[in-house]
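So the chains spell out like this:
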Amino acid sequence: MSGENSSADDVQRVWDVVVVGAGPAGASAAYAAAVAGRRVLLLEKAELPRYKTCGGGIIGPSRDSLPPGFELPLRDRVHAVTFSNNGRFTRTRRSRQMLFGLINRPEFDQQLVEHAQKAGAELRTGVTVQRVEQHGSAVPDRRTVAVVLQGGETVLARAVVGADGSASRIGAHVGVKMAQVDLGLEAEIPVPESVAEDWKGRVLIDWGPMPGSYGWVFPKGDTLTVGVISARGQGAATKRYLEDFVARLGLAGFEPAVSSGHLTRCRADDSPLSRGRVLVCGDAAGLLEPWTREGISFALRSGRLAGEWAVRIAEAHDAVDTRRQALNYAFAVKAGLGVEMGVGRRLLAAFERRPGLFHAALTGFRPAWNAFRNITRGATSLGELVRSHPLAQRALTVLDPGPAQAADTEESAEPEEEPVTS
């Protein structure tokens, strides 16, 4: 802020960037904006640390998106994956190199927030955002957004980043549209040392009985994270799948420390990522991989982009420049994460029809296992894999012969808008 505005700041400070939600997306956005030297306020409705329903798998793209010097609070390092098809045809594949790490979300999220604070962001917890306003009496000028808190307090910002989860109020303001909604159920099960030792360094992925469903076991020291996910609307069947899954694993006798549920939402292709000076990222934008529903890497990457572009929007002096920066943010998201989501949708459609074929490929076809291993380690991405490997392109076309085939793989890799230059 310039010196002439300092007296006004004493009455009501105008932040450069206000970030709503202190999960991985919000903390990454706050960090990116604070590192750029801007005045950043990070708002979180819960008190930290707080529990989140999440498997806690940290794949290569997540690791590569962390702030410099970030030390992952790993609970285990995964070198083996056991695959089963609804409890049958079990087979374990192993890797000499670590495939991915496992974390507990409360520790991980807290550490990300601390990095944002060290970079200069200010944190306020226990704060619920009711709405944002870009016009009206609460907004002093066209360069300002009013963030209205529960209780009536108003916070002013030059740019706002919505990272307030899959039931986002900021997403509603922007007009985010979801194309896919899934229900995840999860239990944190403390186990004896003998059981924990059997799972050390190994996860289980089970292709489930409902189309598109699967279950997982992620070991984290003396606790196993056991969960299942399937399309929303099958709540009773999903609950039954989790109960059967836990019983089949011989874990029914252990009392879960936490049992929880969560809806995951994937954005529609034409869903907006901004409105005026407000951007959305992570779950609030519906950004996650549609097949596996992996969201941490999407949150970290989109959060960083949102923070970087929020800085530019904060500096924009008129609506034209604001729109230009918002379009460039959308282009950056769609050119990377959007491509991966497009491939993920096609994989989900194919998986829903032929889960047995996926199981056979991953357990018996080395190129498929190598692709899985390289994606989890971060050596490649779904988009890069399909673009650069003719075999992968052909396999996806054979597996997914529906309407998606009409859009050529190369065309689907192109975002809707061109980048806008000044």
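Per an unreviewed UniProt entry, the protein chain carries the name Geranylgeranyl reductase family protein and comes from Streptomyces graminearus.

Engineer: For this particular structure, what's the right way to read helix H10 (residues 355–364)?
Structural biologist: Every α-helix carries 3.6 residues per turn, so stepping three or four residues along brings you back to the same face. Listed in full, the buried residues belonging to H10 are Phe 358, His 359, Leu 362 and Thr 363. Burial along H10 is one-sided: seen end-on, the buried residues are contained in an arc of 115 degrees.

Engineer: It is not clear to me how the packing of helix H8 (residues 296–315) against helix H9 (residues 319–353) should be interpreted in this structure. Could you clarify?
Structural biologist: When two helices pack together, you describe them by how their axes are tilted relative to each other and by the distance separating the axes. Orientation of H8 relative to H9, taken along the N-to-C sense of each, is 165 degrees, at an axis distance of 9 Å. Our classification of the angle between H8 and H9 gives roughly antiparallel. Where H8 crosses over H9, the two elements pack in a sense that is right-handed. Every residue of H9 that contacts H8 at Phe 298, Arg 301, Ser 302, Leu 305, Ala 306, Trp 309, Arg 312 and Ile 313 is listed here: Thr 322, Gln 325, Ala 326, Asn 328, Tyr 329, Ala 332, Val 333, Leu 337, Glu 340 and Met 341. Split by residue class, the contact of H8 with H9 holds 11 nonpolar, four polar and three charged.

Engineer: Please explain the packing of helix H2 (residues 24–35) against H8 as it appears in this structure.
Structural biologist: Put simply, H2 and H8 touch, their axes get as near as 7 Å, and they point 35 degrees apart. Handedness of the H2/H8 crossing: right-handed. Listed contacts from H8 to Pro 24, Ala 25, Ser 28, Ala 29, Ala 32 and Ala 33 of H2 are Ala 299, Leu 300, Gly 303, Arg 304, Gly 307, Glu 308 and Val 311. Broken down by class, the residue content of the contact of H2 with H8 amounts to eight nonpolar, three polar and two charged.

Engineer: Teacher, can you tell me more about the pattern of salt bridges here?
Structural biologist: Note on pairing: side chains with opposite charge can pair once their charged atoms come close. Counted according to the given criterion, the structure contains 18 salt bridges. Of the charged contacts, one joins Glu 122 and Arg 13 as a salt bridge, the two residues approaching to 3.7 Å between their closest N and O atoms. On the criterion of sequence distance, the pair formed by Glu 122 in strand S8 (residues 122–125) and Arg 13 in the loop between helix H1 (6–11) and strand S1 (14–20) is long-range, its members being 109 residues apart. Accessibility expressed as a relative area gives 37% for Arg 13, which makes it partly exposed. Between Asp 321 and Arg 324 there is a salt bridge, and its shortest N-O distance comes to 3.0 Å. Of the two residues, Asp 321 and Arg 324 both sit in helix H9, three residues apart, roughly one turn of that helix. Within the structure, one salt-bridge network assembled from shared partners comprises Arg 50, Arg 105 and Asp 109.

Engineer: Please explain helix H4 (residues 105–118) as it appears in this structure.
Structural biologist: Taking 1.5 Å per residue, 14 residues should reach 20 Å; H4 reaches 20 Å between its end C-alpha atoms and fits that length. Here H4 has its buried residues at Arg 105, Phe 108, Asp 109, Gln 111, Leu 112, Val 113, His 115 and Ala 116. In this structure, the buried residues of H4 make contact with H2, strand S2 (40–44), strand S3 (57–58), S8 and H8. Positive backbone phi, approximately 120 degrees, marks Gly 120, located one or two places after H4.

Engineer: Is there a simple way to explain the sheet that holds strand S7 (residues 100–102) in this structure?
Structural biologist: For sheets, the rule is that strands pair by backbone hydrogen bonds, running either parallel or antiparallel. Taken together, three strands build an open sheet; the order of strands is S3-S7-S4 and the sheet is antiparallel. Of all strands in the sheet, those bounded by a partner on one side alone are S3 and strand S4 (76–78). Bridge count between S3 and S7: two bridges; the pairing is antiparallel. Note that in S7 the partner of Ile 58 across the bridge is Gly 101.

Engineer: Help me understand the nonpolar core in this model?
Structural biologist: Most often, soluble globular proteins keep nonpolar side chains buried together rather than apart. In terms of nonpolar packing, the biggest core is built from 68 residues, with Val 18, Phe 108, Val 147, Val 160 and Tyr 329 touching the most fellow members. If one sorts the elements of this core by residue count, H8 sits on top with 11 residues. With residues up to four places along the chain from it excluded, the contact list for Val 18 reads Leu 41, Leu 43, Val 147, Val 155, Leu 156, Ala 157, Ala 159, Val 160 and Val 161.

Engineer: I tried to follow the sheet that holds strand S5 (residues 80–85) on my own but got confused; where do I start?
Structural biologist: Strands sit in the order S6-S5-S13-S14-S15-S12-S16 across an open sheet of seven strands; the sheet is mixed. The open sheet has two free edges, formed respectively by strand S6 (88–94) and strand S16 (258–267), since each of these has just one partner strand. In this sheet, adjacent strand axes meet at a mean angle of 20 degrees when their direction is disregarded. Sheet topology places S5 next to strand S13 (residues 202–207); six bridges connect them, and they run parallel. Looking at S13, one finds that Ser 84 is bridged to Asp 206. With respect to the sheet, H10 is in contact with S5, S6 and S13, its orientation differing from that of S6 by roughly 35 degrees. Helix-sheet contacts for helix H11 (residues 366–377) involve S5, S6 and S13, and the interaxial angle to S5 is about 125 degrees.

Engineer: Whenever I open this one, the side chain of Ser 302 confuses me. Can you help?
Structural biologist: By the element assignment, Ser 302 lies in helix H8. Looking at Ser 302, the relative accessible area reads 0%, which means it is buried. Setting aside anything within four residues of it in sequence, one finds Ser 302 in contact with Cys 281, Gly 282, Leu 287, Tyr 329 and Leu 337.

Engineer: Please explain the packing of aromatic side chains as it appears in this structure.
Structural biologist: By convention here, two paired aromatic rings are described through the distance between centres and the angle between planes. Under the defined criterion, the tally for this structure stands at 14 aromatic pairs. With a centroid separation of 6.1 Å and 15 degrees between ring planes, the pair formed by Trp 207 and Trp 291 is classed as stacked. One end of the pair, Trp 207, is in strand S13; the other, Trp 291, is in the loop between strand S18 (278–280) and H8, with 84 residues separating them in the sequence. Measuring from centroid to centroid gives 5.5 Å for Phe 351 and Phe 358, while their planes differ by 75 degrees, and the two rings are edge-to-face. In this structure, Phe 351 and Phe 358 share a single accessibility class: buried. Taken together, the ring pairs connect Phe 83, Trp 207, Tyr 214, Trp 216, Trp 291, Phe 351, Phe 358, Trp 369 and Phe 372 into an aromatic cluster.

Definitions and cut-offs
- Residues numbered from 1 in each chain as written.
- Predicted model: local features only at pLDDT ≥ 70, side-chain atom pairs only at ≥ 80, totals over all residues.
- Heavy atoms only, no water.
- Buried < 20%, exposed > 50% of the residue type's maximum accessible area, 1.4 Å probe, protein only.
- Helix = DSSP H or I, 4+ residues; strand = E, 2+ residues; numbered from the N terminus.
- Arc of directions from axis to C-beta.
- Axes fitted to C-alpha atoms, helices over the stretch in contact; angles between N-to-C directions.
- Parallel < 35°, antiparallel > 145°, perpendicular 65-115°, else oblique.
- Left-handed = near helix turned anticlockwise from the far one by under 90°.
- Contact = heavy atoms within 4.5 Å.
- Nonpolar A, V, L, I, M, F, W, Y, C, P; charged D, E, K, R; others polar.
- Salt bridge = Lys/Arg side-chain N within 4 Å of Asp/Glu carboxyl O.
- Expected span 1.5 Å × (residues − 1).
- Pairing = 2+ DSSP bridges.
- Core = buried A, V, L, I, M, F, W, Y, C linked by side-chain atoms within 4.5 Å.
- Phe/Tyr/Trp six-rings, centres within 6.5 Å; stacked < 30°, edge-to-face > 60°.

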